[in-house]
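Working through the structure, step by step
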Amino acid sequence: MDIRAVTGAIEGLAAVLVVLLLASPALAQDRQRDGNLHNVELCNGVNRTPFEARINGCTALIDARQDMTAAGLAIAYNNRGNAYAAERDYDRAIQDFDSSIKLDPNYTKPLNNRGVAFLKKGEYDLAIEAFDRAIGLNRGYGEAFANRAEAYLKKGEYFRAARDYDEAIRLEPSLEGVWNGRCWTRAVLGVLQGALEDCNKALQSDSRNAAAYDSRGLIYLKMGRIPAAIDDYDSALRLNPKLASALYGRGLARLKRGDEAHGTADIATAKTIRDGIADDFARYGVR
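From a predicted model like this one, the values you see are computed outputs, not experimental measurements.

Under the criterion given, the structure shown has two disulfides. Here cysteine 183 connects covalently by a disulfide to cysteine 199, the sulfurs 2.0 Å from one another. One quick way to see it: the torsion about the S-S bond of cysteine 183 and cysteine 199 is about -85°, and its sign makes the bridge left-handed. One end of the pair, cysteine 183, is in helix α10 (residues 178–189); the other, cysteine 199, is in helix α11 (residues 192–205), with 16 residues separating them in the sequence. Going through the protein in sequence order and numbering each bonded cysteine, the pairs you get are 1-2, 3-4.

Below you can see the structure in the form of structure tokens.
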């Protein structure tokens, strides 16, 4: 199944880092103060700082740990972890999130971010464990609920995913991806009218969301609305020509319409993109 939830929301810009630097005699020196403030800006990603520069800025702050509070150091590790994660260096990112959590066990962002890194690595149980801890510290943490929903979705635990999407939407309805994530989950579970409403809401917010068209295509396919399904799969594939689930779904829809040549071709192409796509659709209740 293609990623269609929040794709792992990593949090971390921490403008408060600057106020968490200790006012030590060393920092009172103008040159050192200016250097530290510059590194704070880099570490916080001010003005879309490139990730390598963010890493360097955070590293400079971490290396000068004697001039920082534990809370400030935790933020620096979290921010550097985010930069490593953005560069797909998930092992280093996790090491930094671990360091941040050790310094401040009640700091929820590195717990969420650690979960996202495990999610990206395909280590879903460890991801869920991290999200559990973040949510345990903050029951109002919408992004952690949304991320945990994605992890459950990846494991095929659709009822749990649906419950977490419900909570994420209740807490933060404007979060990216949550409406489409719940749409897909409901579509798989067969809650088709509710799924359709969710997909429509997702597309109202972003009319170029390939995953939302793909999700709605599945709903129409399960409803037996074949022309509408094909239209949505066409829209998804215009935006993302290699979206395997849209190709496979369109292939099934074309076969149901009697277009055997094009349907068979779509299904064959989808199988070259992702192994096990036929098994996925069987789990969704579509053959």
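With that settled, consider the packing of aromatic side chains. Enumeration over the complete set of coordinates arrives at three aromatic pairs. Ring geometry for tryptophan 184 against tyrosine 284: centres 5.2 Å apart, planes inclined by 85°, an arrangement best described as edge-to-face. Of this pair, tryptophan 184 sits in helix α10 while tyrosine 284 sits in the segment after α16 (277–283); the two residues are 100 residues apart in sequence, bridging distant segments of the chain. Judged by its relative accessible area of 0%, tryptophan 184 is buried. Here the aromatic cluster, defined as three or more aromatic residues joined through ring pairs, consists of Trp184, Tyr248, Phe281 and Tyr284. The lysine or arginine in question, lysine 201, covers the ring of tryptophan 179, its NZ or CZ lying 5.1 Å from the ring centre.

Glancing now at the side chain of asparagine 39. Among the structural elements, asparagine 39 can be located in helix α2 (residues 30–43). What asparagine 39 contacts, discounting residues up to four positions off in sequence, is Gly57, Ala60 and Leu61.

On to the packing of helix α6 (residues 108–121) against helix α8 (residues 142–154). Contact geometry of α6 with α8 gives a least axis separation of 10 Å together with a crossing angle of 20°. By the criterion of interaxial angle, the relationship of α6 to α8 is roughly parallel. Read as a crossing pair, α6 and α8 show a hand that is left-handed. On the side of α6, the interface is formed by Asn112, Val116 and Leu119, while α8 contributes Glu143, Ala144, Asn147, Glu150, Ala151 and Lys154.

Turning next to the nonpolar core. If you look at the biggest cluster of nonpolar residues, it comprises 71 residues, and the most contacted ones within it are Leu218, Ile219, Leu221 and Phe281. Not counting residues within four places of it along the chain, the set of residues in contact with isoleucine 219 comprises Cys183, Ala187, Leu192, Ala195, Leu196 and Cys199. Of all hydrophobic cores here, the second largest spans nine residues; its members include Val40, Leu61, Ile62 and Ala76.

Rules behind the numbers
- Residues numbered from 1 in each chain as written.
- Predicted model: local features only at pLDDT ≥ 70, side-chain atom pairs only at ≥ 80, totals over all residues.
- Heavy atoms only, no water.
- Disulfide = S-S within 2.5 Å.
- Helix = DSSP H or I, 4+ residues; strand = E, 2+ residues; numbered from the N terminus.
- Phe/Tyr/Trp six-rings, centres within 6.5 Å; stacked < 30°, edge-to-face > 60°.
- Buried < 20%, exposed > 50% of the residue type's maximum accessible area, 1.4 Å probe, protein only.
- Lys NZ or Arg CZ within 6 Å of the ring centre and 35° of its normal.
- Contact = heavy atoms within 4.5 Å.
- Axes fitted to C-alpha atoms, helices over the stretch in contact; angles between N-to-C directions.
- Parallel < 35°, antiparallel > 145°, perpendicular 65-115°, else oblique.
- Left-handed = near helix turned anticlockwise from the far one by under 90°.
- Core = buried A, V, L, I, M, F, W, Y, C linked by side-chain atoms within 4.5 Å.

Honestly, it's all geometry; don't read function into it.
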